[in-house]
Amino acid sequence: MADIIKLLPDSIANQIAAGEVVQRPASAVKELMENAIDAGATSIRLIVKEAGKSLIQVIDNGIGMSETDARMSLERHATSKIRKAEDLFSLRTMGFRGEALASIAAVSQLEMKTRQADRELGTWLTVEASEVKRQEPAATEAGTSISVKNLFFNIPARRNFLKSNPVELRHIIEEFQRLALAYTDIAFSLIHGDELLYDLPAGKLSHRIVHIFGKPYQEQLAPCQEETDYVKVSGYIGKPEFARKTRGEQFLFVNQRFIRSNYLQHAVINAFEGLIPENTFPFYVLFIEINPKHIDVNVHPTKTEIKFDDERAVYAVVRSAVRQALGTHSLSPGIDFSEDVNIIARLNSTDADDAKRVYFEERFQTTFQRSNLQHWEKLFEQHPSGTETPIEQQLSPAELAFLDQEKPMEETVKRQEELMQLHQQYILRPVPTGLMVIHQQAAHQRILYEKFLRHISFNTGESQQSLFPQAIEMNGADFALVLEMESEITALGFRFEIFGKNTLLINGIPAGIGAGREKQVFEELIEQFKSNQAILALPVKENLARALAKRAAIKSGDKLSLEEMRHLVANLFGCQAPGHSPDGDTTYFIFDLGKIGMYFKHN
Ligand code: ADP
Ligand code: MG
């Protein structure tokens, strides 16, 4: 019999390798951005279309490539980053396996324009499924621009396997955020379709975090720093009260490379023990620096796993760094948490939601005012957690006012009648420990969120018939999404029927929300839902409730009557988690009397 074993042609070998390196658009994004970082770029632009399915383009201002290198870069195991096996143990670059570009080029239509700064002309290269279609000199910016079009165009099975655009975009954003957090001295931007999602100037880590995650993070960050001969840990943790029920904002880097490690994640969570309810996750961005000779990153082709030669030492340092950060920073004003055995004991003895509540209460007490605690607690006693809150919660100021006629005023609010609106944005309210400042928009979002969540869970949303049902034509994906969530959307109080291809007829919307604006409300809900989905992995219920709450809540700038403010306050403290909006923004805080007194130390 004849010999039958043959070497695979390179193009097929590359395709097979691609399966490991390039699983989805986000993996290509990661590899291309890492190459740009390795090339010393100070500015990196990422442009994607259709969640990377039709286009991923990375433009950098790094060192660029010569004509020959441009071609070589597409060969498998072609790299400028290591030359011998020992180099693996002194790695400082993101890439080193020399297989990313070859893999990507095997499963896409790739175009590369690159120029070295000292050359007049650059080179322009077009490749399709590993085959170089053409290469010619071209005038182009110094640096490199690589466009990956129609990923997996030649592997239909793979292409069909890709998830919906929101899901794929979320993966891309995740990769983008990780690199943007790790390299704050590089400016990054991300454009999806014609939307600028991020535009991040080079700067400090704290600024980058706030640029990426939003202003509210400014107050919640506690710096973290710990160093031994073996390892150095630095970065920021989120204060305990900002811990979320959903994962996703936990970032751990080793030598600036994002890694997953349940073991080290445990070290962080463990340091938070007793300070956050079970099954919630604190925010953190932590950098571990360690001599590369102590680690092995070559465990997995996507390089998100890592081995340390002394994992336990790393665990200990991480835990201690976080512990210290919590001790020194998280408990302004006035309490040193690490010494307050009382609180810890109470936290341990209560269930999760109670623990959070207790924590909130305690947080606002200074030692000499603790006797006032009872007054304060009354606020919460109205609605013991676990039972449905009895106060009817309303949607718009008009509806708030309307309800007044039917519901007796809550005790709590009766006692606290001195409410004042500040700049049509905040509600000021004297409390026994000082002055409470409530952010009206964030507070109302919290109220509505919990209300909508109940409606979805218990199918209790009231509907308001539309006088003039409105038709909405949507794209296929949105249409499918709506049908998928039909029962949840209906539970909120929406009523609709299918009205031809990709078209819905809206017959009713949740009572109290913009009558006459059915179409807009519905479209906004879906838009907001999708944009939430792109950023966070939330269960459908939570996402819908959040989305509608965000759209329906009163805004900063809305003028509120006294009655409306009373309702808002009463309803806020009827919530299970009054302290923050569904997005984690602070809803209220208290200017402590002691603090206020300090401004008046005349002598
Ligand atoms: P690796 O990054 O593991 O070396 P890649 O396949 O990702 O492998 O890239 C191959 C080579 O192509 C790199 O080693 C580098 O020399 C070159 N290269 C890739 N992208 C760029 C870029 N944006 N700028 C400059 N050189 C690049
Ligand atoms: Mg690379």
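Residues numbered from 1 in each chain as written. Chains lettered and ligands numbered in written order. Predicted model: local features only at pLDDT ≥ 70, side-chain atom pairs only at ≥ 80, totals over all residues. Heavy atoms only, no water.

A.B. asks: Help me understand the pattern of salt bridges, please; the structure alone is not making it clear to me.
C.D. replies: Any two side chains of opposite charge can pair, so long as their charged atoms come close to each other. Applying the stated criterion across every chain, the model contains 15 salt bridges. The salt bridge partner of K30 is E34, with a shortest N-O separation of 3.4 Å. With K30 and E34 both in helix α2 (residues 25-38), this residue pair falls four residues apart, about one helical turn. Accessibility classification places K30 together with E34 in one group, the buried group. Between D478 and K530 there is a salt bridge, with its nearest N and O atoms 2.9 Å apart. With D478 in helix α17 (residues 476-484) and K530 in helix α19 (residues 518-535), this pair connects stretches of sequence that are 52 residues apart. As far as burial versus exposure is concerned, D478 and K530 are alike and both buried. Several salt bridges share partner residues, and in doing so they unite R170, E174, E175 and R178 into one network. (Salt bridge = Lys/Arg side-chain N within 4 Å of Asp/Glu carboxyl O. Helix = DSSP H or I, 4+ residues; strand = E, 2+ residues; numbered from the N terminus. Buried < 20%, exposed > 50% of the residue type's maximum accessible area, 1.4 Å probe, protein only.)

A.B. asks: Explanation requested: the packing of aromatic side chains in the structure shown.
C.D. replies: Each aromatic ring pair is characterised by the separation of its centres together with the angle its planes make. Applying the stated criterion across every chain yields a total of 14 aromatic pairs. With centroids separated by 5.1 Å and ring planes inclined at 65°, the aromatic side chains of Y217 and F283 adopt a geometry described as edge-to-face. Taken together, the residues span a long stretch of sequence, with Y217 in helix α8 (residues 217-220) and F283 in the loop between α9 (262-271) and β13 (284-290) at a distance of 66 residues. Taken individually, Y217 and F283 each receive the classification buried, so the pair is uniform in this respect. Considering the side-chain rings of F494 and F522, the 5.4 Å spacing of their centres and the 80° angle between planes classify their relative orientation as edge-to-face. Residue F494 is found in the loop between α18 (486-492) and β20 (495-498), and its partner F522 is found in helix α19; the two are separated by 28 residues along the sequence. Taken individually, F494 and F522 each receive the classification buried, so the pair is uniform in this respect. Members of the aromatic cluster, each reached through a chain of ring pairs, are F213, Y217, F251, F253, F258, F283 and F287. (Phe/Tyr/Trp six-rings, centres within 6.5 Å; stacked < 30°, edge-to-face > 60°.)

A.B. asks: How should the sheet that holds strand β6 (residues 143-149) be read in this particular structure?
C.D. replies: Whenever strands of a sheet pair, they do so through backbone hydrogen bonds, lying parallel or antiparallel. A sheet is described by the order of its strands in space; here eight strands give the open sequence β5-β4-β3-β6-β2-β1-β7-β8, paired in mixed fashion. Either end of the sheet is taken by a strand with one partner, and the two such strands are β5 (131-138) and β8 (195-200). Within the sheet, the average angular offset between the axes of one strand and its neighbour, ignoring direction, is 10°. Alignment of strand β1 (residues 43-49) against strand β2 (residues 55-60), held across six bridges, turns out to be antiparallel. The residue bridging V48 from the neighbouring strand is I56, located in β2. Where α2 meets the sheet, it contacts β1, β2, β6 and β7 (187-192), and its direction lies at approximately 10° from that of β2. Relative to the sheet, helix α7 (residues 205-213) contacts β7 and β8, its axis offset from that of β8 by approximately 170°. (Pairing = 2+ DSSP bridges. Axes fitted to C-alpha atoms, helices over the stretch in contact; angles between N-to-C directions. Contact = heavy atoms within 4.5 Å.)

A.B. asks: What's the story with the sheet that holds strand β9 (residues 221-227) in this structure? I'm lost.
C.D. replies: Across the sheet, five strands lie side by side as β9-β10-β13-β11-β12; this open sheet has mixed pairing. Looking at the sheet topology across the chains shown, the edges are occupied by β9 and β12 (257-258). Summarising the sheet, strand β11 (residues 250-254) and β12 pair through two bridges and their orientation is antiparallel. The partner of F253 across the bridge, within β12, is F258. Its contacts with the sheet put helix α6 (residues 165-182) on β11, β12 and β13, and the angle it makes with β11 is roughly 55°.

A.B. asks: What's the story with the pairing of β11 in this structure? I'm lost.
C.D. replies: In regular strands, side chains alternate between the two faces of the sheet. Most of β11 sits out of view: five of its five residues are buried. Of the two faces of β11, the one carrying Q250, L252 and V254 and the one carrying F251 and F253 are both buried. Two strands pair when backbone bridges link them, and β11 and β13 are joined in this way by five bridges, in the parallel orientation. Following the sheet pairing, V254 is matched in β13 by I288. With antiparallel pairing between neighbouring strands as the criterion, β11 and β12 make up a hairpin whose turn holds two residues, including N255 at a positive phi of roughly 45°.

A.B. asks: Just to check I follow, could you spell out unusual backbone geometry for this structure?
C.D. replies: Phi is mostly negative for residues that are not glycine, and the peptide bonds are mostly trans. The phi dihedral of F152 falls on the positive side, at around 65°, and the residue is not glycine. Locating F152 in the fold gives a position in the loop between β6 and α5 (156-161). The phi torsion at Q424 lies on the positive side, around 50°, for a residue other than glycine. Position of Q424 relative to the elements: it lies in the loop between β16 (420-422) and β17 (426-431). Classification of Q424 as partly exposed rests on a relative accessible area of 32%.

A.B. asks: Would you take a moment to explain the site of ligand 1 for this structure?
C.D. replies: As a structural note, the neighbourhood of ligand 1 is formed by 19 residues, with N35, T79, S80, K81 and G98 the closest of them. A distance of 2.8 Å separates a nitrogen atom of ligand 1 from a polar side-chain atom of D60. T79 is positioned such that a nitrogen or oxygen atom in its side chain is 2.5 Å from an oxygen atom of ligand 1. Going through the elements one at a time, α2 and α4 (100-106) are the ones with two or more residues in the shell around ligand 1. The residue inventory of the shell around ligand 1, partitioned by class, reads seven nonpolar, eight polar and four charged. (Near = heavy atom within 4 Å. Polar contact = N/O pair within 3.5 Å; in protein donor to acceptor, adjacent residues only side chain to side chain. Nonpolar A, V, L, I, M, F, W, Y, C, P; charged D, E, K, R; others polar.)

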